[in-house]
Amino acid sequence: MSVLVYTEINKGKVKKSSLEAVNYASKIAELTGTSVTALAINAEGAHLEDIGKAGAKKILSVKNDALKGLDNMLLAATVEQVAKAENSKVIIFSFDIVGKAVAPRLAAKLKAGLVAGAVDYPVVNGNSLDVKKNVFSGKATAIYSINSDIKIISLLPNSFPVKLGENSASTSDFNVDLSAVKSKIVVKEKKSNDVGGMAPLPEAELVVSAGRGLKGPENWSMVEELAKSLGATTACSRPVADMHWRPHHEHVGQTGVAIRPNLYIAIGISGAIQHLAGVNGSKTIVVINNDKEAPFFKSADYGIVGDAFTIIPKLTEAVKKFKANQN
Ligand SMILES: Cc1cc2nc3c(=O)[nH]c(=O)nc-3n(C[C@H](O)[C@H](O)[C@H](O)COP(=O)(O)OP(=O)(O)OC[C@H]3O[C@@H](n4cnc5c(N)ncnc54)[C@H](O)[C@@H]3O)c2cc1C
């Protein structure tokens, strides 16, 4: 019996959220007297090494070209086959794009209980796991008890540390049979307006986000410039994505991506509850708004009352100067 953890490679590296998931799985294994098996798909040696360092004791490496497109149906079938072979009773995902799509499918296949978006380590309570997650748009937390035979938990990215130690994992190949899955990706579109090379939004530690106060898409180069100077990922409020000023994958909040960065800079965003729901787990919040009564200031650690069009260039300049002095 093992705790199974799904890991993913992105831009040549094991995703940070996957390493968090392996660490978390190790904690559950410790609490339940079992060990961690990690599933790695189309991974190379260096990736397997990192997964081992994060605490996996066994790594099952699946090489399959059909899985390169991250098709949710194929991934769910893959994790199901591995979970059955390993007799896994606890399965861990990150609550990211893949985890949001695959974990519920897998839960239905395995008749497993699922808690999506855990923010703390579980408490073992007899045969149950008590798992904490945010509810009511982050205004409260609730503890869900999973008492099914197989339990699935997905983790809110940036909620758990990544600790790397010695790699003592054994690695073996695992062949999956995906012939029964009738699924095919027909169109794949690459988003073109990401700030190059930055972390994907769900796992970004620094985020610069802007809202309707920016007036129009033509003003976003200013926001991107600030993000670039900080090494941050860009995000936006929902109306901004609805008006197609920015792509929908940048929209944060209740109906968008939920994030927990170390730093969230909100520019020209009013701070509606639906927006806060996705960002109020951020460790430090900086709000820039020309209305001193804007609700966002109540959630801010630091606030600047003023015109974004004056403040953003000054801030970018100051960051660049600071970084230049450090070198
Ligand atoms: C069911 C539901 C779900 C929703 N989900 C989401 C969600 O997931 N995410 C989300 O973001 N919203 C969501 N919303 C919408 C939400 O209620 C707000 O309408 C939205 O967040 C407002 O976006 P905003 O702050 O960019 O725009 P506004 O509310 O128009 O605020 C613009 C802000 O910019 C400031 N400003 C204007 N000019 C300047 C300037 N020159 N310099 C500095 N500041 C300036 C203004 O003072 C104002 O505070 C949802 C709503 C509903 C009903």
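Right above here is the structure, for reference.
Quick caveat: nothing in here was measured; it's all calculated off a predicted structure.

Caption draft 1: Region of the structure containing the packing of aromatic side chains. Applying the stated criterion to the full structure yields 6 aromatic pairs. Aromatic ring contacts, followed pair by pair, group Y24, Y121 and F160 into a single cluster. Sitting over the ring of Y121, K27 keeps its end group 5.7 Å from the ring centre. The ring of F95 has K100 sitting right over it, with the charged end atom 4.8 Å from the ring centre.

Caption draft 2: Here's a closer look at the site of the ligand. The environment of the ligand is made up of 26 residues, and the closest members are S237, T255, S270, Q274 and N289. Within the backbone of R212, a nitrogen or oxygen atom sits 2.8 Å from an oxygen atom of the ligand. With respect to the ligand, the backbone of S270 contributes an N or O atom lying 2.7 Å from an oxygen atom. Protein chains bury 76% of the 990 Å² of accessible surface belonging to the ligand in isolation. Listed by contribution, the elements that provide at least two residues to the shell around the ligand are α6 (238–242), α7 (273–279) and α8 (308–326). Residue composition of the shell around the ligand, grouped by class: 6 nonpolar, 15 polar and 5 charged.

Caption draft 3: View of the nonpolar core. By size, the foremost hydrophobic cluster in this structure holds 30 residues, and its most contacted members are Y24, I92 and I153. Where this core is concerned, the elements lending two or more residues are β1 (2–7), α1 (16–32), β4 (35–41), α2 (45–53), β6 (90–94), β7 (113–118), β9 (128–135) and β11 (151–155). When residues of this core are assigned to their parent elements, the largest contribution, 7 residues, is made by α1. In terms of nonpolar packing, the next biggest core, distinct from the first, is built from 28 residues, V82, F93, L106 and L110 among them.

Caption draft 4: Here's a closer look at empty space enclosed by the protein. For the structure on display, the rule yields 1 cavity of 30 Å³ or more. There is about 40 Å³ of room inside the largest cavity. Forming the boundary of the largest cavity are Y6, E8, S17, S18, S94 and D96. When its residues are assigned to classes, the lining of the largest cavity shows 1 nonpolar, 3 polar and 2 charged.

Caption draft 5: Representation of the pattern of salt bridges. In the structure shown here, the tally under the stated rule is 14 salt bridges. Among the ionic pairs, K15 bridges to E8, the shortest N-O distance being 3.6 Å. For the pair formed by K15 and E8, the shared burial category is buried. Notably, a salt bridge pairs K320 with E225, separated by 2.6 Å at the nearest N-O pair. Here E225 lies in helix α5 (residues 220–230) and K320 lies in helix α8, a separation of 95 residues in the sequence. Residue classification places K320 among the partly exposed residues on the basis of a relative accessible area of 38%. Here E225 falls in the partly exposed class, since its relative accessible area comes to 37%. Counted as one network, the salt bridges with shared partners bring together E8, K15 and D96.

Caption draft 6: Region of interest: the packing of α5 against α8. Where α5 contacts α8, the two axes come as close as 9 Å, and the packing angle between them is 20°. Relative to α8, the element α5 is oriented roughly parallel. Of the two possible hands of crossing, α5 and α8 adopt the one that is left-handed. Across the interface between the two elements, M222, V223, E225, L226, S229 and L230 from α5 touch A308, F309, I312, P313, L315, T316, V319, K320 and K323 from α8. Partitioned by chemical class, the residues of the contact of α5 with α8 number 10 nonpolar, 2 polar and 3 charged.

Caption draft 7: A look at helix α4 (residues 97–110). Under the 1.5 Å per step criterion, the end-to-end length of α4 is 20 Å for 14 residues, consistent within 8% with the ideal 20 Å. Among the residues of α4, those classed as buried are V98, G99, A101, V102, A103, L106, A107 and L110. At its buried positions, α4 is contacted by β1, α3 (72–86), β6, β7 and β11.

Caption draft 8: Fine view of the pairing of β4. The buried fraction of β4 amounts to 6 of the 7 residues, a majority that puts the element mostly inside the structure. As judged from the 6 bridges shared by β1 and β4, these two strands associate in the parallel manner. Paired with V3 across the bridge in β4 is V36. When β4 meets strand β5 (residues 58–62), the two strands line up parallel, connected through 5 bridges.

Reading the values: rules and limits
Residues numbered from 1 in each chain as written. Predicted model: local features only at pLDDT ≥ 70, side-chain atom pairs only at ≥ 80, totals over all residues. Heavy atoms only, no water. Phe/Tyr/Trp six-rings, centres within 6.5 Å; stacked < 30°, edge-to-face > 60°. Lys NZ or Arg CZ within 6 Å of the ring centre and 35° of its normal. Near = heavy atom within 4 Å. Polar contact = N/O pair within 3.5 Å; in protein donor to acceptor, adjacent residues only side chain to side chain. Areas by Shrake-Rupley, 256 points an atom, 1.4 Å probe, with all protein chains shown as cover. Helix = DSSP H or I, 4+ residues; strand = E, 2+ residues; numbered from the N terminus. Nonpolar A, V, L, I, M, F, W, Y, C, P; charged D, E, K, R; others polar. Core = buried A, V, L, I, M, F, W, Y, C linked by side-chain atoms within 4.5 Å. Buried < 20%, exposed > 50% of the residue type's maximum accessible area, 1.4 Å probe, protein only. 1 Å grid on protein atoms, 1.4 Å probe; cavity = no way out; pocket = protein on both sides within 12 Å on 5 of 7 lines; lining within 4 Å. Points joined across faces, edges and corners; volume = space filled by probe spheres on them. Salt bridge = Lys/Arg side-chain N within 4 Å of Asp/Glu carboxyl O. Axes fitted to C-alpha atoms, helices over the stretch in contact; angles between N-to-C directions. Parallel < 35°, antiparallel > 145°, perpendicular 65-115°, else oblique. Left-handed = near helix turned anticlockwise from the far one by under 90°. Contact = heavy atoms within 4.5 Å. Expected span 1.5 Å × (residues − 1). Pairing = 2+ DSSP bridges.

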